[in-house]
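# Structure at a glance
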Amino acid sequence: MSDYDAYLAGNRTDHVALYLAESYVSDVDELADREDAERVGNGVVLVVDGERGRSVFQTITGMAAMDFGSAAMDNPGRVDSDLVGGECPNAADGPGGHDAEFVFSFAEAQNEDVGGLYAEGDVIHAYVYCSCGTAYSDKWVAGER
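Report follows, based on the coordinates. Note that the coordinates shown come from a computational prediction; the quantities given were computed from them, not determined experimentally.

### Notes on the overall build of the chain
Within the chain one finds five helices and eight strands. Here the chain has a C-alpha radius of gyration of 14 Å; the compact-globule value for 145 residues is 15 Å, and the two agree. Along the three orthogonal principal directions, the C-alpha set of the chain runs to about 40 × 40 × 25 Å. Expressed as a percentage of its 145 residues, the buried residues of the chain come to 44%. The long-range fraction of contacts in the chain, counting pairs at least 24 apart against all pairs at least 6 apart in sequence, stands at 56%. For the chain, the accessible surface area stands at approximately 7200 Å², while carbon and sulfur atoms represent 42% of it.

Below is the structure:
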């Protein structure tokens, strides 16, 4: 099982996943050659330990991961379970591209004390930056989509 598959299954709660579309980064093939990367769709997913992942995210996007996540949380949308796309909440506002430019994701271990979704299993949190400029978020129980 690859690190990417293990992450999606909730088995890497100490890691983050970063999807980067080839339309967003110019060196996607170079990124795909990394041992912690996997080529998917029109981009690449990196699965790296949490602190290093936040640093990589900031280096590539110029944004602090937690600031981006906080802004995206204000806009619920639907993120694909493979982290390579989703449904932008502004897609219904008219024509224009609504492709994921990048996705930042982390997983939280199951926590029955918190209840709700967190009592059901490990929870994947995903934050998307859409090509229209909108940031949006979604969360779900790992392996249930």
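### Notes on the packing of aromatic side chains
Inspection of every chain in the model, using the stated rule, returns seven aromatic pairs. With centroids separated by 5.3 Å and ring planes inclined at 55°, the aromatic side chains of F68 and F102 adopt a geometry described as tilted. With F68 in helix α4 (residues 65–73) and F102 in strand β6 (residues 100–108), this pair connects stretches of sequence that are 34 residues apart. Following the ring pairs from residue to residue traces out a cluster consisting of Y24, F57, F68, F102, F104 and Y129.

What counts, and where the lines are drawn
- Each residue is numbered by its place in its chain's sequence as written, counting from 1.
- Restriction of local features to residues with pLDDT of at least 70 applies here, the model being predicted, together with a cutoff of 80 or more for giving and counting side-chain atom pairs; totals for whole chains, interfaces and linings are based on all residues.
- With hydrogens and water set aside, each side-chain value is computed from the structure's full complement of heavy atoms.
- Put simply, DSSP marks the helices as runs of H or I at least four residues long and the strands as runs of E at least two long, and each gets a number from the N terminus on.
- This radius of gyration counts C-alpha atoms alone. The globule rule is 2.2 Å times how many residues there are, raised to the power 0.38.
- Three exposure classes are used, based on accessible area relative to the maximum for each residue type with a 1.4 Å probe and protein chains only: buried under 20%, partly exposed in between, and exposed over 50%.
- Should any heavy atoms of two residues lie within 4.5 Å, those residues are counted as being in contact.
- Here, Shrake-Rupley sampling with a 1.4 Å probe gives the accessible areas, and only protein chains in the shown set may cover a residue.
- Centres within 6.5 Å are what make two rings of Phe, Tyr or Trp a pair, Trp counting through its six-membered ring; a difference in plane orientation under 30 degrees is then read as stacked, over 60 as edge-to-face, and the rest as tilted.

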